Amino acid sequence: MNDNLNKILNQYSNQISLLTSKAELENIRVELLGRKGIINELFQNIKNIAPEERKNYGSELNQLKTELENLISQKSATVTSTQQISVSDQKSIISLPKIGHLHPITQTEEQLNNLFRSLGFSIYDGPVIVTDEYNFERLNVPANHPARDMQDSLYIDEPQYLLRTQTSTIESYLLEASKDKLPIRTAFPGTTYRNEKVNRSNHFIFHQYQAVVVDKNITMKDLIGTMDLMFKTLYGPDVVVRYRAKYYPEVEPGVGPDMQCFKCHGQGCPLCKHAGWIEMGGSGMIHPKVLANAGIDPKEWRGFAFGMGLDRWTMAQNNIHDIRTLLGGNLAYKPSAK
Ligand SMILES: [Zn+2]
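Just so it is clear, the model here is predicted, and its values are computed rather than measured. (Residues numbered from 1 in each chain as written. Predicted model: local features only at pLDDT ≥ 70, side-chain atom pairs only at ≥ 80, totals over all residues. Heavy atoms only, no water.)

Colleague: So what's going on with the domain arrangement of the protein chain? Residues and values would help.
Modeller: In terms of domains, the protein chain is made up of domain 1 (3–95) and domain 2 (104–327). Distance from the C-alpha centre of domain 1 to the C-alpha centre of domain 2: 63 Å. (Domains from an automatic or database assignment.)

Have a look at this one:
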């Protein structure tokens, strides 16, 4: 090989041996072997070589090209393997093996978010530390109302600031923020907090899912139809749901959906505490006072809201028998194929 070509080979073989990243190697590859690279330029200059030397020069040039290609390809294998342990390089993070899975509660939330998005709902979020006004007053639960005994609250700064006790609190913020943007169809998952003793069925942190619609001419039929569709989507077309009249201060009338136990089909088993039915949450037509509290005229607008617990639901779907497992660091469960 002539001196000039030898010089190129030595210089670049040295450079390539010192490289540590794939990006640097790619730069060198383009510089040498790219369309406008050194090797192509040398091939183009072949016309300036004396005709009797051209054949020999051409063959040496091809030899140089092959040697450089081999050096780059060998280096490429080693920089790839060292890159996999470099967390600073985003490309290497993508190349790490995919292990682990989303938390089962997150999976259930996403399943519901997708369903409600397909029905034209937007997904909303709200604050975790809330005021007494938004958690109780605006939801038609004034001071001294017996409903306040139903949920022992966790106060940050009594009596004003507390951790939200229900996703209906997010509804208070949503309604106020939307009063000039009606109609709305909105759904939201959220963690909620109550002063509960922790055992295998209760926790002071739990998860709820809520959907809210405010529009003109909304009726109970829209509420039941939406809930029916949700249960059928999640549990199949044969799911049996009954709706019982129930009292919740923020709705009028209030309805509690119960699903026939999918394990015993109404015969009674430990999952349904031998009732044959599983309570799925609370719902109803938004109380006119709640709309008025948010600055929405209840004579012009009506709405429905329903909220349900996600923990028991997710546990049943994933065969988890202790609610504490959901918040533990050792979530030994088999992710369902989705
Ligand atoms: Zn059962």
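Colleague: Tell me about the packing of helix H6 (residues 104–118) against helix H10 (residues 220–235), and please be specific about residues and values.
Modeller: Relative orientation of the contacting elements H6 and H10 amounts to 130 degrees, with a least axis distance of 11 Å. Judged by the angle between their axes, H6 and H10 are oblique. For the pair H6 and H10, the crossing hand works out as right-handed. Together, Gln111, Leu112, Leu115 and Phe116 of H6 and Thr226, Met230, Thr233 and Leu234 of H10 make up the contact between the two elements. (Axes fitted to C-alpha atoms, helices over the stretch in contact; angles between N-to-C directions. Helix = DSSP H or I, 4+ residues; strand = E, 2+ residues; numbered from the N terminus. Parallel < 35°, antiparallel > 145°, perpendicular 65-115°, else oblique. Left-handed = near helix turned anticlockwise from the far one by under 90°. Contact = heavy atoms within 4.5 Å.)

Colleague: Describe in detail a nonpolar patch on the surface, supporting the description with residues and values.
Modeller: Judged by side-chain polarity, Ile129, Ile156 and Tyr161 come together as a nonpolar surface patch covering roughly 280 Å² of accessible area. If you trace the backbone, tyrosine 161 turns up in strand E4 (residues 161–163). (Patch = residues over 30% accessible without salt bridge, like charges linked within 9 Å, V, L, I, M, F, W, Y side chains within 5 Å. Areas by Shrake-Rupley, 256 points an atom, 1.4 Å probe, with all protein chains shown as cover. Salt bridge = Lys/Arg side-chain N within 4 Å of Asp/Glu carboxyl O.)

Colleague: Requested: an account of the pattern of salt bridges, with residues and values cited.
Modeller: Under the criterion given, the structure shown has 9 salt bridges. Arginine 138 is paired through a salt bridge with glutamate 133; the nearest N and O atoms lie 2.9 Å apart. We classify glutamate 133 as partly exposed; its relative accessible area is 37%. For arginine 138, the salt bridge goes to glutamate 176, with nearest N and O atoms at 3.1 Å. Here arginine 138 is found in the loop between helix H7 (132–135) and helix H8 (147–150), whereas its partner glutamate 176 is found in helix H9 (residues 168–178), with 38 residues between them in sequence. The class for glutamate 176 is partly exposed, based on a relative accessible area of 27%. (Buried < 20%, exposed > 50% of the residue type's maximum accessible area, 1.4 Å probe, protein only.)

Colleague: Give a description of the coordination of the zinc ion that names residues and reports values.
Modeller: The zinc ion binds to the protein through Cys261 (SG), Cys264 (SG), Cys269 (SG) and Cys272 (SG); the donor distances cover 2.2 to 2.3 Å. Taken together, the 4 donor atoms coordinating the zinc ion and their angles of 104 to 114 degrees define a geometry best described as tetrahedral. Residue class for cysteine 272 comes out buried when judged on its relative accessible area of 5%. (Donors = N, O, S within 2.8 Å, 3.2 Å for Na, K, Ca; no water. Tetrahedral: all angles 85-135°; square planar, octahedral: opposite > 155°, others 65-115°.)

Colleague: For the pairing of strand E8 (residues 251–260), give the residues involved together with the corresponding values.
Modeller: Within E8, 7 of the 10 residues are buried, which leaves the element mostly enclosed by the surrounding structure. Where strand E7 (residues 241–246) meets E8, 6 bridges bridge the pair, whose relative direction is antiparallel. By the bridge assignment for E8, arginine 242 is matched with aspartate 258. Counting the residues in the hairpin turn of E7 and E8 gives 4 residues. Note: E8 against strand E10 (residues 282–286), 3 bridges, orientation antiparallel. Looking across to E10, one finds that valine 251 is bridged to isoleucine 286. Note that E8 and strand E9 (residues 277–279) share 3 bridges and pair antiparallel. Among the inter-strand pairings, aspartate 258 is bridged to a residue of E9, identified as glutamate 279. (Pairing = 2+ DSSP bridges.)

Colleague: For the sheet that holds strand E3 (residues 155–157), give the residues involved together with the corresponding values.
Modeller: One open sheet accounts for 3 strands, arranged E2-E4-E3; its pairing is antiparallel. Looking at the sheet topology across the chains shown, the edges are occupied by strand E2 (129–131) and E3. Each strand of the sheet is rotated relative to its neighbour by a mean of 40 degrees, with strand direction disregarded. As paired elements, E2 and E4 share 3 bridges and run antiparallel to each other. Looking at the pairing, threonine 131 lines up with tyrosine 161 of E4.

Colleague: Now, about the packing of aromatic side chains: what can you tell me, with residues and values included?
Modeller: The tally for this structure, following the rule as stated, stands at 6 aromatic pairs. Taken together, a centroid distance of 5.7 Å and an interplanar angle of 20 degrees make the contact between phenylalanine 116 and tyrosine 209 stacked. Taken together, the residues phenylalanine 116 in helix H6 and tyrosine 209 in strand E6 (residues 205–215) connect sequence positions 93 residues apart. Tyrosine 209 carries the same exposure label as phenylalanine 116, and that label is buried. Members of the aromatic cluster, each reached through a chain of ring pairs, are Phe116, Phe121, Tyr209, Phe304 and Phe306. The ring centre of tryptophan 301 lies 4.8 Å from the NZ or CZ of lysine 216, which sits over that ring. (Phe/Tyr/Trp six-rings, centres within 6.5 Å; stacked < 30°, edge-to-face > 60°. Lys NZ or Arg CZ within 6 Å of the ring centre and 35° of its normal.)

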